[in-house]
Amino acid sequence: MATKEDMKMTDLPKKADAKGVLYVGIDLGTSRTSVAASNGVRETVYSFVGYPKDVVAKKLLKKDALFGKEAVEKRLSLDLYRPFEKGIIKFSNEETSSVTPEQAQKQMQAAKDLVRHALGIVKSRKDELIYGVIGSPARASIKNKEQILEAARGMLDAGMICSEPFAVGYGLDLLEDTLVIDIGAGTVDLCRMHGTLPAEEDQITLTTAGDWLDQQLYTLFKRKAPKADFTIHQVKDIKEKYAFVTDSAEPVRVELIQNGLPTVFDLTEEIREGCRKIVPPIVQAIHQLVSTFDPDFQKKLRDNVLLGGGGSQMIGLGRVLEEAMRKMLGSGRVTQVEEPTYAGANGALKMAHDMPEEYWKRLS
Ligand SMILES: Nc1ncnc2c1ncn2[C@@H]1O[C@H](COP(=O)(O)OP(=O)(O)OP(=O)(O)O)[C@@H](O)[C@H]1O
Ligand SMILES: [Mg+2]
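The rules behind each value
Residues numbered from 1 in each chain as written. Chains lettered and ligands numbered in written order. Predicted model: local features only at pLDDT ≥ 70, side-chain atom pairs only at ≥ 80, totals over all residues. Heavy atoms only, no water. Helix = DSSP H or I, 4+ residues; strand = E, 2+ residues; numbered from the N terminus. Rg over C-alpha atoms; globule rule 2.2 N^0.38 Å. Buried < 20%, exposed > 50% of the residue type's maximum accessible area, 1.4 Å probe, protein only. Contact = heavy atoms within 4.5 Å. Areas by Shrake-Rupley, 256 points an atom, 1.4 Å probe, with all protein chains shown as cover. Lys, Arg positive; Asp, Glu negative; His and termini not counted. Charge placed at Lys NZ, Arg CZ, Asp CG, Glu CD. Domains from an automatic or database assignment. Buried area = accessible area lost by both parts, 1.4 Å probe. Salt bridge = Lys/Arg side-chain N within 4 Å of Asp/Glu carboxyl O. Polar contact = N/O pair within 3.5 Å; in protein donor to acceptor, adjacent residues only side chain to side chain. pLDDT = per-residue confidence, 0-100.

Novice: In this structure, what is going on with the overall build of the protein chain? I would like to understand it.
Specialist: Secondary structure summary: the protein chain contains twelve helices and 17 strands in total. Relative to the 2.2 N^0.38 estimate, which gives 21 Å for 364 residues, the radius of gyration of the protein chain is 21 Å and therefore close to what a compact globule would have. Principal axes of the C-alpha set define a box for the protein chain whose edges measure 65 × 65 × 40 Å. Across the 364 residues that make up the protein chain, the buried fraction comes to 53%. Look at the contacts in the protein chain between residues 6 or more apart in sequence, and 70% of them connect residues 24 or more apart. Roughly 17,300 Å² of accessible area belongs to the protein chain as shown, and the carbon and sulfur atoms make up 51% of that amount. Positive and negative side-chain charges in the protein chain, numbering 50 and 52 respectively, have mean positions lying 4 Å apart.

Following this line, the structure appears as structure tokens:
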């Protein structure tokens, strides 16, 4: 359910035939997959799936597939997949058509296994129907949405796709005059809430998100410490620990390996410069969504910007966005969601409860 236009769906399993319905909200993120269910279960798992590379790996690991942190830790023995890069099933885009059908098939299998794993955590009863609302990037294409539903086929009895930032707003009952911004690993998603389902023009998806930021920081760190050895994983860890965008900050001193020796580098300026790169595209997108809104409600929208997603935890981001909005639009007020990890899944669960039958698509 990303927009009004493609929302209505049909062919529901008959609720009356089963003992009950378990509703599940699922946030299939690039970096984390979170689920919230009507039986009270809430879980999050890193969106990695790994399969043993060979017979020795299989003997060592004693499993056909590993998920989340465990998969990352054992990655040397595994073919590792991150199936929801940019919130869509990787390799399923036209732009990446260089990928072979076998690779695409493996990605789809990894996506399915991850959905199965996430739903396994929910522990539904055998006689329950499972209805799941799945979050996707705000502007995911119709094809991407179909593929996401395809990944859930056989595991959900009925499913629905919902734009991730819309789910965040819905979950917090912020149904009108709110601009939701969800800063994830693969995408930054914006959605303006105005009391109805969102249309295409209410939403923007940017790819200048957490993973992109890691690349920017990597380049800046290399400039500062050209002879140091470090990986993009380390850059991400450093970012998650120190990310900030303010003028003033505590110095950030980080130990990196250089010529085999731990060496301390001051990366304060690099982190500030890198993290600030995420701001202009977001401000531009805010400007677009505010300036094309009904003029009578523009001020309300500017003064109700809600930040969510892992990337929203950068120190000072709200304040820097407010300053930029003041310069560009005259005013701006930004608040942070309290639970960046579960805001999307909680909202999707709430929608699952509320949606009438004609919005669901049969998947069993
Ligand atoms: N304190 C922090 N400062 C900056 N970035 C952070 C911080 N903590 C986590 N992140 C980043 O947030 C991103 C993960 O956020 P989130 O879990 O919302 O993404 P996702 O839902 O998996 O991705 P997407 O929505 O794009 O599919 C990662 O890029 C991570 O490095
Ligand atoms: Mg997300």
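Novice: Would you explain the environment of Ser-163 in this entry?
Specialist: Position of Ser-163 among the secondary structure elements: in strand 8 (residues 158–163). A relative accessible area of 0% places Ser-163 in the buried class.

Novice: Would you mind showing me how to read the domain arrangement of the protein chain here?
Specialist: One widely used convention gives an interface's size as the accessible area the parts lose upon coming together. On domain assignment, one finds that the protein chain holds domain 1 (15–174 + 342–362), domain 2 (176–208 + 277–336) and domain 3 (210–276). With centres defined by C-alpha atoms, the gap from domain 1 to domain 2 works out at 26 Å. At the interface, 18 residues of domain 1 touch 21 residues of domain 2. Across the domain 1/domain 2 interface, buried area totals approximately 1,600 Å², and carbon plus sulfur atoms make up 69% of it. Of all residues in domain 1, the largest losses of buried area upon contact with domain 2 belong to Arg-139, Phe-166 and Leu-174, amounting jointly to 40% of the total for that side. Across the contact surface, domain 1 and domain 2 share zero salt bridges. Applying the counting criterion to the domain 1 and domain 2 interface returns two residue pairs in polar contact (both at pLDDT 80 or more).

Novice: Sorry, what's going on with the confidence of the model for the protein chain here?
Specialist: Any residue range with low pLDDT should be treated as having predicted coordinates unsuitable for detailed reading. Looking at the protein chain as a whole, its pLDDT mean stands at 90, while 91% of the residues score no less than 70. In the predicted structure, residues 4–10 sits below a pLDDT of 50 and forms 26 contacts with residues beyond four places in sequence or in another chain.

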